[in-house]
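# A structural walkthrough
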Amino acid sequence: MPISKGKKDKDKSGKATNSNKKEKEEEEKKARVTSSSSAVPPVTPLTKGKYAQGPMVVKKDRRQSSSRFNVSKNRELVKMPALKDAPPDQVEGLFTKKLQQCCVVFDFVSDPLSDLKWKEVKRGALDEMVEYVTHNRGVITESIYPEAIHMFAINTFRSLPPSSNPAGAEFDPEEDEPTLEASWPHIQLIYEFFLRFLESPDFVPNIAKKFIDQKFVLELLNLFDSEDPRERDFLKTTLHRIYGKFLGLRAHIRKHINNIFYKFIFESERHNGIAELLEILGSIINGFALPLKEEHKIFLVQVLIPLHKARSLTVYHPQLAYCIVQFLEKDSSLTKSVIEGLLKFWPKVHSPKEVMFLNELEEILDVIEPSEFKKIMVPLFKKLAICVSSAHFQVAERALYYWNNEYILSLVSDNTSVILPLIFPSLYRNSKSHWNKTIHGLIYNAMKIFMEIDGPLFDDCTQKYKAEKLKEKQNLTEREEYWLKVHNAAMRNPLAQQYVMSVEGLECGDASMMQCDVASNQQQQQGGAVGEDELVIISAVASSSMTSQQQQQIAMDTDDNQQAEEDDELQPQLVAKEANEQSKKKTGRGGAALVRRKSELPQDMYTAKALASYKRPEDHLTTNDENS
């Protein structure tokens, strides 16, 4: 039976779709491999992981643009002939006229439907010029430079208003939806044209430096505070190209990026482009010449380290950690300053941020020199001991994962005599007392490793820990005996009986003291002063009453602790068994990264589609050799 033509076409389209899917999957795999490499800085995500899953819900109250342009008065444009159809002697003049025509700015906010015909003329001209500059050579002449740069400045440079969400509260880059530029159909083509202009083989920096000067760079850096992530992505690539081609502007660019960071750290703690600027710096640091200049070391200590204390660290932490590691790969002598800075800004009550610090610390330890490790291992493992004891299981879990890192284990094994006494109390105490069973297995795994590295030292630490616990118990017993003596001495006083009734039955020592104060006030009102002996009796009776009421509970707790310690005898067979059981278990987490869980906010379908359809001008920034 003959197959119909429609069915054949359907089969062909199905095969084409399958092949396209395979190609996309291969491209995604390549992208993942490339992004995992340390040769390039991590790319700033456009969506912050917000639109990865969940139903799309249209948000009614949505802002239209993050800025308003100076709209041109005369907006009537005439469609000009195509550049490819013009005679060779008229191409340059026609190109200049098209650039001047694109300097007309339209209104996309107050009246989006106005001037649709002329907006389309401008969009078509921009699209044509992008293709023309990309595929032709010898088209960028000296007269084109001022016109092209002026057209870019007129259309993009503007003042950005303060960021705020529709409810009027401060904009949160982690939670709030980004504001997308309503004029993006034109601005995107302008950025694309300017990038092709900079990347063209005909581009001569010595001619362009008359127009791309320090003022131009400063205006470009001001735009990094735009809320539209697509614009910041183009700005990142554009500034990176300028940094690579204009050697005389490099110090100026670094200086003003530093100023943005200083204002963010010490004044506002609000800027939308920190991640993109750090991504640029990651590629710049990669190209630093050795030995590092003092200027670069100051930048590390006074800018990159304090960036860890900002509340919005989650937004730019991958790029920041990459910059830190690049510095240490260039100069390992900076390791001590970096780790001391991290410990200085270590979060105290923010557990997700603490997990990020632990992630970064492991990346640093992966590149640390053994000689530098010895300088910081004492404060470092004191902090790790605190993290192991954390009630937040993700913090304790992340700290214990250090014992799965082979290079860190080699460093620890070379310095076990110093490290084990620091970390042992936390491991011993939490091996049974921690509320999360997963932590128990990880602790037993760490203990097993220490036993294999140095068994006698492990036994010695065990005995010292038990001796300290026994001493604490003796001190507690002596304290109870002392208070019992005070109580007995107070009860022998004839005045004691009148105060016993007032404190009897009360559960709290503060309440007992309050009752005694009432009794003493009553006595003063009766005309008699309270003597020192009576005050001693009051306090002794109150304290001893509290102690006697809680004495049984304290004794029970002490017995329980003693029983727990007896149960926690760290025999090698028990530790090995628990560690093996933990290694066999497969938790439901599946090795997923520890990230902050976002709140389920309403999502804007328009914003999600716009960000999903956006194509980056460049996947990864390349490294520029730094000699200036």
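What comes next concerns the included structure. Computed from a prediction, not measured in an experiment: that's the story for all the values here. (Residues numbered from 1 in each chain as written. Predicted model: local features only at pLDDT ≥ 70, side-chain atom pairs only at ≥ 80, totals over all residues. Heavy atoms only, no water.)

## Structural notes on the packing of helix α16 (residues 393-400) against helix α19 (residues 437-453)
At their nearest, the axes of α16 and α19 sit 10 Å apart, and the two run at 20° to each other. Between α16 and α19, the angle falls in the class roughly parallel. Considering how the two elements wind past one another, α16 and α19 form a crossing that is left-handed. On the side of α16, the interface is formed by F393, A396, E397 and L400, while α19 contributes T438, I439, L442 and I443. Classifying every residue of the contact of α16 with α19 by side-chain character gives 6 nonpolar, 1 polar and 1 charged. (Axes fitted to C-alpha atoms, helices over the stretch in contact; angles between N-to-C directions. Helix = DSSP H or I, 4+ residues; strand = E, 2+ residues; numbered from the N terminus. Parallel < 35°, antiparallel > 145°, perpendicular 65-115°, else oblique. Left-handed = near helix turned anticlockwise from the far one by under 90°. Contact = heavy atoms within 4.5 Å. Nonpolar A, V, L, I, M, F, W, Y, C, P; charged D, E, K, R; others polar.)

## Focus: the packing of aromatic side chains
All chains considered together, the criterion is met by 30 aromatic pairs. Note on F157 and F216: the rings are 5.2 Å apart at their centroids and 65° apart in plane angle, and the pair reads as edge-to-face. Here F157 is found in the loop between α4 (144-156) and α5 (184-199), whereas its partner F216 is found in helix α7 (residues 214-222), with 59 residues between them in sequence. The pair F157 / F216 is uniform in exposure class, with both members buried. Relative to F234, the ring of Y191 has its centre 5.7 Å away and its plane inclined at 15°; by these criteria the two rings are stacked. Taken together, the residues span a long stretch of sequence, with Y191 in helix α5 and F234 in helix α8 (residues 229-245) at a distance of 43 residues. Exposure remark for F234: the relative accessible area of 1% places this residue in the buried category. (Phe/Tyr/Trp six-rings, centres within 6.5 Å; stacked < 30°, edge-to-face > 60°. Buried < 20%, exposed > 50% of the residue type's maximum accessible area, 1.4 Å probe, protein only.)

## Notes on the side chain of K236
For K236, the location among the structural elements is in helix α8. Once residues lying within four places of it in the same chain are set aside, the contact partners of K236 are V43, F224, E276, E279, I280, R616 and L621.

## Considering the state of the cysteines
This structure, assessed with the given rule, holds 0 disulfides. C103 takes part in no disulfide bond, and the closest cysteine sulfur to it belongs to C102, at a distance of 7.5 Å. (Disulfide = S-S within 2.5 Å.)

## Observations regarding the environment of R311
In this fold, R311 is placed in the loop between α11 (294-304) and α12 (313-330). For the pair R311 and R270, spaced 41 residues apart in sequence, the C-alpha to C-alpha distance is 9.4 Å. Here E269 takes part through its side chain, which lies 3.3 Å from a polar atom of the side chain of R311. (Polar contact = N/O pair within 3.5 Å; in protein donor to acceptor, adjacent residues only side chain to side chain.)

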